[in-house]
Amino acid sequence: MNQLLVEQYEKLGISREVYAFGEAVEASLKERFSAIDATAEYNQLKVLQAMQENRVSAECFNATSGYGYNDLGRETLEKVYATCFKGEDALVRPQITCGTHALALALMSNLRPGDELLSPVGKPYDTLEEVIGIRPSKGSLAEYGVTYRQVDLLPDGEFDYEGIRNAIGPRTRMVTIQRSKGYAPRRTLSVARIGELVAFIKSIRPDIICMVDNCYGEFVEEREPLEVGADLIVGSLIKNPGGGLAPVGGYLVGTSECVENAAYRLTSPGLGKEVGASLGILQSFYQGLFLAPVVTAGALKGAIFAANIYEKLGFDVIPDGSESRHDIIQAISFHKPEALIAFCEGIQAAAPVDSYVTPEPWAMPGYDSDVIMAAGAFVQGSSIELSADGPVKPPYAVYFQGGLTWYHAKTGILKTLQKLKERNLVPHGVI
Ligand SMILES: *Cc1c(COP(=O)(O)O)cnc(C)c1O
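Residues numbered from 1 in each chain as written. Predicted model: local features only at pLDDT ≥ 70, side-chain atom pairs only at ≥ 80, totals over all residues. Heavy atoms only, no water.

A. Geometry of unusual backbone geometry. Of note, the bond from I318 into P319 is cis; its omega dihedral lies within 30 degrees of zero at -5°. Looking at the element boundaries, P319 is found in the loop between β8 (316-318) and β9 (330-333). Note the cis peptide between P394 and P395, where omega equals 5°. By the secondary structure assignment, P395 is in the loop between β11 (387-391) and β12 (397-401). Despite not being glycine, R55 shows a phi value in the positive range, around 55°. R55 gets classed as exposed once you look at its relative accessible area, which sits at 71%. Residues other than glycine seldom take positive phi values, yet K86 does so here, at roughly 65°. Within the secondary structure, K86 sits in the loop between α4 (72-85) and β1 (89-93). You can call K86 partly exposed: its relative accessible area is 40%. (Helix = DSSP H or I, 4+ residues; strand = E, 2+ residues; numbered from the N terminus. Buried < 20%, exposed > 50% of the residue type's maximum accessible area, 1.4 Å probe, protein only.)

B. Seen up close, the state of the cysteines. For the coordinates displayed, the defined rule picks out 0 disulfides. Free cysteine C60: the closest other cysteine sulfur is in C84, separated by 16 Å. On the basis of relative accessible area, C60 is assigned to the buried category, the value being 1%. (Disulfide = S-S within 2.5 Å.)

C. Structural context of the side chain of T416. Summarising the element assignment, T416 is placed in helix α12 (residues 406-422). Sequence-distant contacts of T416, that is, excluding residues within four places in its chain, are made with Y310, F343, G346 and I347. (Contact = heavy atoms within 4.5 Å.)

D. Representation of the site of the ligand in the model. Taken together, the neighbourhood of the ligand is formed by C98, G99, T100, L103, Y125, Q178, D213, C215, Y216 and K239. D213 places a polar side-chain atom, nitrogen or oxygen, 2.6 Å from a nitrogen atom of the ligand. Relative to its free-state accessible area of 380 Å², the ligand is covered by the protein chains to the extent of 89%. Residue classes in the shell around the ligand are distributed as 5 nonpolar, 3 polar and 2 charged. (Near = heavy atom within 4 Å. Polar contact = N/O pair within 3.5 Å; in protein donor to acceptor, adjacent residues only side chain to side chain. Areas by Shrake-Rupley, 256 points an atom, 1.4 Å probe, with all protein chains shown as cover. Nonpolar A, V, L, I, M, F, W, Y, C, P; charged D, E, K, R; others polar.)

E. The sheet that holds strand β2 (residues 116-119), seen in detail. Reading across from one edge, β1-β7-β6-β5-β4-β2-β3 is the order of the 7 strands in this open sheet, with mixed pairing throughout. The sheet is open, and its two borders are formed by β1 and β3 (147-150), each paired with just one other strand. Between one strand and the next, the sheet's axes are offset by a mean angle of 20°, whatever the strand orientation. Taken together, the 3 bridges between β2 and strand β4 (residues 172-178) define a ladder with parallel strand orientation. By the bridge assignment for β4, L118 is matched with V175. (Pairing = 2+ DSSP bridges. Axes fitted to C-alpha atoms, helices over the stretch in contact; angles between N-to-C directions.)

F. Layout of the sheet that holds strand β10 (residues 371-375). Read from one edge of the open sheet, 5 strands run β8-β9-β12-β11-β10, paired in antiparallel fashion. Single-partner strands in this sheet number two, and they are β8 and β10. Taking each pair of neighbouring strands and ignoring which way they run, the sheet shows an average axis angle of 15°. In the sheet, β10 pairs with β11 via 5 bridges, with the strands oriented antiparallel. Bridge pairing in β11 places V371 opposite P391. Running at roughly 20° to β9, helix α10 (residues 282-312) makes contact with β8, β9 and β12 of the sheet. Contacts from helix α11 (residues 337-349) reach β9, β10, β11 and β12, with the element oriented near 20° to β10.

G. Representation of the environment of E385 in the model. In this structure, E385 sits in the loop between β10 and β11. The sequence separation of E385 and H408 amounts to 23 residues, and the corresponding C-alpha distance is 9.4 Å. Within the structure, the side chain of E385 is placed 3.0 Å from the backbone nitrogen of V379, a separation counted as a polar contact.

H. Structural view of the packing of aromatic side chains. Scanning the model with the defined rule gives 17 aromatic pairs in all. Seen from their ring centres, Y81 and Y251 are 5.6 Å apart, and the 45° between their planes marks the pair as tilted. Of this pair, Y81 sits in helix α4 while Y251 sits in strand β7 (residues 250-254), and the two are 170 residues apart along the sequence. For the pair formed by Y81 and Y251, the shared burial category is buried. Over the ring of Y216 we find K239; its NZ or CZ atom is 4.2 Å from the centre of that ring. (Phe/Tyr/Trp six-rings, centres within 6.5 Å; stacked < 30°, edge-to-face > 60°. Lys NZ or Arg CZ within 6 Å of the ring centre and 35° of its normal.)

I. Up close: the domain arrangement of the chain. As far as domains go, the chain holds domain 1 (3-43 + 290-422) and domain 2 (65-279). Just the C-alpha atoms count here: the centres of domain 1 and domain 2 sit 28 Å apart. Facing the 28 residues of domain 1 at the interface are 25 residues of domain 2. For the pair domain 1 and domain 2, the summed buried surface comes to about 2,400 Å²; carbon and sulfur atoms form 60% of the total. Viewed at the interface, domain 2 and domain 1 are joined by 2 salt bridges. In this structure, the salt-bridge partner of E323 is R187, at a minimum N-O distance of 3.3 Å. Seen at the junction of domain 1 and domain 2, the total is 10 residue pairs in polar contact (both at pLDDT 80 or more). Elements with a contribution of two residues or more to the side of domain 1 that touches domain 2: α3 (30-53), α10 and β12. Per-element tally for the side of domain 1 that touches domain 2: the top contributor is α10, with 6 residues. Its residues assigned to classes, the side of domain 1 that touches domain 2 comprises 15 nonpolar, 9 polar and 4 charged. (Domains from an automatic or database assignment. Buried area = accessible area lost by both parts, 1.4 Å probe. Salt bridge = Lys/Arg side-chain N within 4 Å of Asp/Glu carboxyl O.)

Written as structure tokens, this is what we have:
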């Protein structure tokens, strides 16, 4: 054991035994970690090339104000995103407030009254229910006369091709495909599987717009959904592609037409992409994108490390310790509220910000049970930073994600283990 390192872990409240347990697990993951490093290397080059090809310069970091006409930094950044994610055009803006806003923008700008939206992968992310009008809401697509259909995945997780074929009608204008499982109990879709689904849909009606909710998926694989036929990808800058540095924002990349529609909706018909002052924020967008492949790799290692630690202790983990990964989210079902709470306390105690506070379950709006959340982030609510949350109800599952560096993710997970061990919530004799 590296004595200095062990002592430093002890200063953070992590015992020798817990550290040693973690080392043994980490040692078993060498091959997987080197595959993640290889993906990060590829994606780092991809980002670098996109920046060079579009001639990113120091002038791109200058602030604009007011209307933001001729904002070189904004226009170049959008070209960089388009090159990097292989789209014709992009909209990357601080005025897009979050992932839900980016998705709502994509849908509301590309659908017209009388059109139908189809989700062929089951229920979309919670916040989209109100955007679509699955739960009635002011300003929803439903209020504007856009209808919605959904085809669930089959019990084995496969696409219900027959059901999808039957659900596509003359009014089907757009399909929404969520890459990450979010909080649904299903597997995350690989880019290859998204490609199969898009090809199937296009074989029925080539003019259907295939949008992918790309949240949490960026840079996890070498390829992104536009490379397998999708028309539009959408995500949040306080997740993977902001690299932890973007303090706000969302993006859309895809066909010129889809992006143009979104731009006219974000600002105004007639104005589109031509306005939108960047107020000096763009350097963090560029630098965050530059770091994003490595930051995502660290978060991915953390997720795999957590899966293997908790699987070894006999808990249910999704994905399991050995399966392939297509996003950065890890779920662990503890089946005991005390263990869920101890886990979140561990994540909080390992944070660089607000480490001294104790997270407590509370009745959050929109949830039918108390929810506990742990985050000590530089950017409020940023989930590319180390964070965990879970509803306090059976199966007492925690959703864990992020970590700006692999070492921090590792420390956070060891800290959760320490908390569980101190409260006798792990099987005796294992640690
Ligand atoms: C986070 C997320 C969203 C919504 O993003 P917010 O920034 O929280 O509004 C949508 N879809 C998926 C899959 C997500 O992970």
